Amino acid sequence: MPDETPSTTSTRPRDAALGTGLGRVLLLVYGTFALSASARALVQISTHFGEAPLAYLLSALAGVVYIAATVGLAVGGVRGRLIALVSCSIELVGVLVVGTLSVADKVAFPDDTVWSRYGSGYGYVPLILPFIGLWWIWRHRPQG
């Protein structure tokens with residue numbers, strides 16, 4: 001029976017984003033957005049929820065989506081890839097729908113969310129990030 005060291009039994013899957021420099025940058029950006037969107041939503045909801053409840057709840061949703069994407073990309077493997085794929089897809093749909101609605105109906109969005117105006121308040125990174133995340137998942141899929 002071969003001697004199994006902890007390093008061989010607890011290795012991270014090869015498709016985890018932590019394995020390469022670009023993957024680490026992607027995780028850093030997702031982690032930063034997870035923290036900023038969650039913190040923003042927490043402050044907005046706890047201080048003046050009645051002013052724009054839809055916008056603040058959408059900020060909270062964005063925070064949860066960013067957290068899930070960060071975890072999925074970091075974990076890798078079948079489960080991590082699925083979590084990241086679903087999260088990045090929700091993120092893409094969210095930024096496109098909320099971005100369009102916030103431009104078309106400014107009355108419905110009296111205050112900004114992370115995804116308002118396609119993420120213009122964050123340098124449009126929320127619009128670009130899901131494309132990069134989905135590309136990463138596709139590019140690092142298992143072969144075979």
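Described in the following lines is the structure provided in the data block. This one's a predicted model, so the numbers in the text were calculated from it and none came from an experiment. (Residues numbered from 1 in each chain as written. Predicted model: local features only at pLDDT ≥ 70, side-chain atom pairs only at ≥ 80, totals over all residues. Heavy atoms only, no water.)

What to know about the overall build of the protein
Along its length, the protein carries five helices and zero strands. Walking the protein from its N terminus toward its C terminus, one meets helices and strands in the order α-α-α-α-α. For the protein, the spread of C-alpha atoms along the principal axes amounts to about 70 × 30 × 20 Å. Buried residues in the protein amount to 36% of all 144 residues. A separation threshold of at least 6 residues defines the contact pool for the protein, and within that pool the share at least 24 residues apart is 67%. (Helix = DSSP H or I, 4+ residues; strand = E, 2+ residues; numbered from the N terminus. Buried < 20%, exposed > 50% of the residue type's maximum accessible area, 1.4 Å probe, protein only. Contact = heavy atoms within 4.5 Å.)

Structural notes on empty space enclosed by the protein
Across all of its chains, the model carries one cavity of 30 Å³ or more by this definition. In this structure, the largest cavity spans a volume of roughly 50 Å³. If you go around the largest cavity, the residues you meet are Asp 15, Gly 72, Leu 73, Gly 76, Gly 80, Arg 81, Ala 84, Trp 136 and Ile 137. Ranked by residues supplied to the lining of the largest cavity, first place goes to helix α4 (residues 77-104) with three residues. Of the residues in the lining of the largest cavity, the class split is four nonpolar, three polar and two charged. (1 Å grid on protein atoms, 1.4 Å probe; cavity = no way out; pocket = protein on both sides within 12 Å on 5 of 7 lines; lining within 4 Å. Points joined across faces, edges and corners; volume = space filled by probe spheres on them. Nonpolar A, V, L, I, M, F, W, Y, C, P; charged D, E, K, R; others polar.)

Some thoughts on a nonpolar patch on the surface
A contiguous nonpolar patch, built from Leu 22, Val 25, Tyr 124, Ile 128, Ile 132, Trp 135 and Trp 138 and spanning about 710 Å² of accessible area, is present on the exposed surface. Secondary-structure elements contributing two or more residues to the nonpolar patch are α2 (21-48) and α5 (125-139). In this structure, Val 25 sits in helix α2. What makes Val 25 partly exposed here is its relative accessible area of 46%. (Patch = residues over 30% accessible without salt bridge, like charges linked within 9 Å, V, L, I, M, F, W, Y side chains within 5 Å. Areas by Shrake-Rupley, 256 points an atom, 1.4 Å probe, with all protein chains shown as cover. Salt bridge = Lys/Arg side-chain N within 4 Å of Asp/Glu carboxyl O.)

By themselves these figures say nothing about function.
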